[in-house]
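Summary of the model geometry
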Amino acid sequence: MSEITLGIIGGGQLGSMLAIAAKKLNIKTVFFCDDIDAPAQNFCNQFVTGSYDNKEKISEFINQVDLVTYEFENIPFETLNEINKLKPVLPKPSVNRLIQHRLAEKDFVNKLNIRTTRYVSIEKKSDIDALEDFLPGILKTTTLGYDGKGQYPIKSGDELNSLNIDFTKGYILEKLVKLKKEISIIITRFGNNKYEIYEPIENTHEDQILKYSKIPAEINEKIFNQSKDWAIRIAEELKYVGTLCVEFFIDRNNNLYVNEIAPRVHNSGHLTINAFNVSQFENHVRAVCGLEQIPLKKISNAKMINLLGDQITHYRNMQKFKDNEFFFDYLKKDVKEKRKMGHITTLV
Ligand code: ADP
Ligand code: MG
């Protein structure tokens, strides 16, 4: 029986699923989250709430745990770095700092000779004047964006004037890719050249928010292999420990691009809970806690639907699901428009 207590920063649905996976492995979980209503408290052993720079609360949290991981990337580097002096933080704080900054992240990927969208750093509004070449494009905040938040699609320079953009923040401007498809690769790295990798997952977004995921992805063999190869190279180069997701674009000419990296378990991997012998969550816990690596086996093809806002209500009222359907309610207190409230995975 394991005696490990895992600290997890953040408290959303990804955290809940990590806690469920940990419990199965006899690992206790303690969460630290700035949201007093965080849903993960329904699934963990202990829950500490406080802002991510509250030193007292952070000590209260780390005193209870053996090591620390996180379920979302937007945590101040200083916080992770300070915690890491007392208890190991995995993935490493430096990896988190690199990936949470869109510019540093894209520079890193390009240095590996891996294709990303074309991008340029924007510090002030006038920087965009000479960049017709990057339009139509998407202006994105360099930090703290998720689910399309902090993003502005821009077709022409004039359009900028009508948008009230706060240029005290840093941005990147990315050329719009004529998308054919989006896929993601989830990989769990345990150590040097030791990893478990899931097959490419095909993702459909609506209003920049993930709506559907499915396996198998309908892609050619070249993209199948290239996406896996790039994800492995990224994980190895970062000396990553834990589960990592690489999001990709495929354009109309079948070129593959890395869109972004998530240094954590990922929404597109919810289907791994039912479709594989070991889920992305269990693999993450196994990797960071130094437990045994189990060869990955697919049990079934699958599709997953994200339930946003009040779409959850219909499913909450359903009495019975089919044998191949798995409904997850994140138990979030408030139903908000476009908020991820739950999901349903169907094995096919
Ligand atoms: P987030 O951090 O919000 O997930 P992403 O950069 O992944 O931000 O963007 C969210 C979604 O917006 C993408 O999955 C894609 O559907 C669309 N998108 C973002 N950037 C581009 C781009 N350069 N070209 C085409 N579509 C894009
Ligand atoms: Mg994304």
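Look up a bit, the structure's there.
Throughout this document, residue positions are counted from 1 along each chain, in the order its sequence is written. As they are written, the chains are lettered A onward and the ligands numbered 1 onward, keeping that order. Local features in this predicted model are restricted to residues whose pLDDT is 70 or higher, and side-chain atom pairs enter the listing and the counts only when it is 80 or higher, whereas totals over whole chains, interfaces and linings include all residues. Only hydrogens and water are removed before side-chain values are computed, so all heavy atoms of the structure are retained for them.

Strand pairing is assigned whenever DSSP identifies at least 2 bridges connecting the two strands. Helix numbering and strand numbering both begin at the N terminus, where a helix is a DSSP run of H or I of at least 4 residues and a strand a DSSP run of E of at least 2. If you trace the 4 strands from one edge of the open sheet to the other, you get β3-β2-β1-β4, paired in parallel fashion. The sheet is open, and its two borders are formed by β3 (46-49) and β4 (67-70), each paired with just one other strand. For this sheet, the mean inter-axis angle between neighbouring strands, taken without regard to orientation, is 25 degrees. Alignment of strand β1 (residues 5-9) against β4, held across 4 bridges, turns out to be parallel. For Ile 9, the partnering residue across the bridge sits in β4 and is Tyr 70. Only heavy atoms enter the contact rule, under which two residues are in contact if any of them lie within 4.5 Å. Orientation is described by axes fitted as lines to C-alpha atoms, over the contacting stretch for helices, and by angles from 0 to 180 degrees between their N-to-C directions. On the sheet, helix α2 (residues 55-62) packs against β1, β2 (28-33), β3 and β4 and is oriented at approximately 175 degrees with respect to β2.

Considering only enclosed or pocket space, the second largest pocket measures out at about 220 Å³ in volume. Lining residues are those with an atom within 4 Å of a point, where the points come from a 1 Å grid over the protein atoms alone and group into cavities, where a 1.4 Å probe fits but cannot get out, or pockets, open sets with protein on both sides within 12 Å along at least five of seven lines. If you trace the second largest pocket, you find it lined by Tyr 52, Asp 53, Lys 55, Ile 58, Ser 59, Ile 62, Glu 78, Thr 79, Glu 82 and Leu 86. Mapped onto the lining of the second largest pocket, the elements with two or more residues apiece are α2 and α3 (77-86). Looking at the lining of the second largest pocket residue by residue, the class counts come to 4 nonpolar, 2 polar and 4 charged. Grid points are joined across faces, edges and corners, and a volume is the space filled by probe spheres set on the points. Residues are grouped as follows: nonpolar covers Ala, Val, Leu, Ile, Met, Phe, Trp, Tyr, Cys and Pro; charged covers Asp, Glu, Lys and Arg; every other residue, Gly included, is treated as polar.

One finds Ile 234, Leu 238, Leu 244, Phe 248 and Val 258 to be the most contacted residues of the largest nonpolar core, which totals 26 residues. Breaking this core down by element, the ones donating at least two residues are α4 (93-99), α5 (102-111), β9 (179-191), α7 (221-237), β13 (242-251) and β14 (256-262). Not counting chain neighbours up to four residues away, the residues in contact with Leu 238 comprise Lys 92, Val 95, Leu 98, Ile 99, Phe 108 and Leu 244. Joining through side-chain atoms within 4.5 Å is the link that ties buried Ala, Val, Leu, Ile, Met, Phe, Trp, Tyr and Cys residues into a set, and such a set is a nonpolar core. Each residue gets one of three labels from its accessible area relative to the maximum for its type: buried under 20%, exposed over 50%, partly exposed in between, using a 1.4 Å probe on protein chains only.

Attention now moves to the coordination of the magnesium ion (ligand 2). Any nitrogen, oxygen or sulfur atom within 2.8 Å of a metal ion counts as a donor, with the limit raised to 3.2 Å for Na, K and Ca, and since water is left out, coordination shells can look unfinished. Looking at the magnesium ion (ligand 2), the protein donor atoms are Glu 247 (OE) and Glu 260 (OE), and they sit 2.0 to 2.3 Å from it. Pair noted here: Glu 247 is in strand β13 and Glu 260 is in strand β14, with a separation of 13 residues, a long-range link. Here Glu 247 falls in the buried class, since its relative accessible area comes to 13%. According to the relative accessible area criterion, Glu 260 is partly exposed, its value standing at 21%.

It is worth spelling out the site of ligand 1 at this point. Being near a molecule or strand, for a residue, comes down to having at least one heavy atom within 4 Å of it. Taken together, 21 residues are adjacent to ligand 1, and Lys 140, Gly 148, Gln 151, Glu 182 and Glu 260 come closest. Nitrogen and oxygen atoms within 3.5 Å of one another constitute a polar contact, given that in protein one can donate a hydrogen and the other can accept it, and given that sequence-neighbouring residues count only through two side-chain atoms. A distance of 2.8 Å is found between an oxygen atom of ligand 1 and a side-chain nitrogen or oxygen belonging to Glu 260. Relative to its free-state accessible area of 540 Å², ligand 1 is covered by the protein chains to the extent of 92%. Those elements that provide at least two residues to the shell around ligand 1 are β6 (137-141), β8 (171-175), β9, β13 and β14. Areas reported here follow the Shrake-Rupley algorithm with a probe of radius 1.4 Å; residue values treat only the protein chains shown as occluding.

Turning our eyes to something else, we now look at the side chain of Glu 174. For Glu 174, the position within the fold is in strand β8. A polar contact of 3.1 Å, which involves the side chain of Glu 174, links it to the side chain of Lys 106. Within the local environment of Glu 174, its side chain forms a polar contact with the side chain of Lys 140, the two groups lying 2.9 Å apart.

This part covers the pairing of β14. Of all 7 residues making up β14, 6 are buried, and the element is well covered by its neighbours. In this sheet, β14 lies alongside β13 in antiparallel orientation, the contact comprising 6 bridges. If you follow Val 246 over to β14, its bridge partner there is Ile 261. The turn linking β13 back onto β14 is made up of 4 residues, and Asn 254 within it adopts a positive phi angle of 65 degrees.

The rule for a salt bridge is simple: a side-chain nitrogen of Lys or Arg has to be within 4 Å of a carboxyl oxygen of Asp or Glu. By the definition in use, this model includes 17 salt bridges. In this structure, Asp 207 and Lys 338 form a salt bridge, with 3.5 Å as the shortest nitrogen-oxygen distance. Placement of Asp 207 in the loop between β11 (201-206) and β12 (209-215) and of Lys 338 in the loop between β16 (325-329) and β17 (340-347) is noted, with a sequence separation of 131 residues between them. On the basis of relative accessibility, which here comes to 54%, the residue Asp 207 falls in the exposed class. According to the relative accessible area criterion, Lys 338 is partly exposed, its value standing at 40%. Via salt bridges that share partners, Lys 24, Glu 282 and Arg 286 belong to a single interconnected network.

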